[in-house]
Amino acid sequence: MNLPNKLTMLRVILIPFFVVFLLFPDLTAYGKYIATAIFIIASLTDLFDGKIARRYNLVTNFGKFMDPLADKLLVCSALICLVEVRGLAAWIVIIIIAREFIISGFRLIAAEQQIVIAASYWGKFKTTFQMLMIIVLILDFEGEAFAMLGVALTYIALALSIISLVDYLIKNKDILKEQH
């Protein structure tokens with residue numbers, strides 16, 4: 001197993017630890033900080049695994065499959081936990097997760113046609129803002145400014161989720177046409 005794939009697997013392995021520290025912060029006085037640190041480390045593995053794979057020509061089918069799956073598992077786990085621990089609106093989480101399912105299904109259809117749908121800039125912005133939102137919501141610092149930052153990041157992440165979905169669908173609408 002090459003380094004990018006090990007980083008992807010590390011991200012998957014970190015998810016249960018992240019969830020435990022997020023859902024049970026009383027395990028230690030620093031639960032939310034440990035959860036945040038784990039989330040940041042896991043997020044950074046996402047950044048580095050792709051860069052390393054492309055730079056050193058280490059792209060594998062395993063990585064093509066597991067990397068996006070690991071990303072979705074991490075972000076969806078965080079969002080679902082945040083509904084419980086921080087009162088993140090479930091409807092926002094449903095829209096964001098629905099977008100991930102739609103894009104995953106779309107990519108499966110494209111793969112059957114030997115078409116690779118690369119990540120768009122909208123998708124990259126969406127991911128960045130989702131991760132920032134999750135970090136801010138986990139930390140939940142006191143103060144109106146920090147609360148406003150959390151709300152702003154939530155709605156920006158939501159808007160970017162919708163925009164990136166529409167962008168993917170418009171750019172790749174021919175994939176859904178029946179082939180005879």
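In this text, all values refer to a predicted model and were calculated from it rather than measured experimentally. (Residues numbered from 1 in each chain as written. Predicted model: local features only at pLDDT ≥ 70, side-chain atom pairs only at ≥ 80, totals over all residues. Heavy atoms only, no water.)

## Quick word on the side chain of K126
Right, so step 1: With respect to the helices and strands, K126 occurs in helix 5 (residues 121-139).
Right, so step 2: Among the residues examined, K126 registers a relative accessible area of 5% and is labelled buried. (Helix = DSSP H or I, 4+ residues; strand = E, 2+ residues; numbered from the N terminus. Buried < 20%, exposed > 50% of the residue type's maximum accessible area, 1.4 Å probe, protein only.)

## Concerning the packing of aromatic side chains
Right, so step 1: Evaluated as defined, the whole model comprises four aromatic pairs.
Right, so step 2: Look at F18 and F39: their rings are 5.4 Å apart centre to centre, the planes differ by 40 degrees, and that puts the pair in the tilted class. With F18 in helix 1 (residues 3-23) and F39 in helix 2 (residues 31-55), the pair connects residues that are 21 residues apart, well separated along the chain. (Phe/Tyr/Trp six-rings, centres within 6.5 Å; stacked < 30°, edge-to-face > 60°.)

## With respect to the nonpolar core
Right, so step 1: Grouped together as the largest cluster of nonpolar side chains are 34 residues, with contacts concentrated most on F18, F39, L79, M133, I134 and I138.
Right, so step 2: Only helix 1, helix 2, helix 3 (61-85), helix 4 (90-112), helix 5 and helix 6 (144-171) provide two or more residues apiece to this core.
Right, so step 3: Residue contributions to this core peak at eight residues, all from helix 5.
Right, so step 4: Residues within four places of I138 in sequence aside, it is in contact with F18, L22, K32, A35, T36, L82 and R86.
Right, so step 5: Counting seven residues, the second-largest nonpolar core is a separate cluster that includes I103, A110, I117 and I175. (Core = buried A, V, L, I, M, F, W, Y, C linked by side-chain atoms within 4.5 Å. Contact = heavy atoms within 4.5 Å.)

The analysis is restricted to geometry; functional conclusions fall outside its scope.
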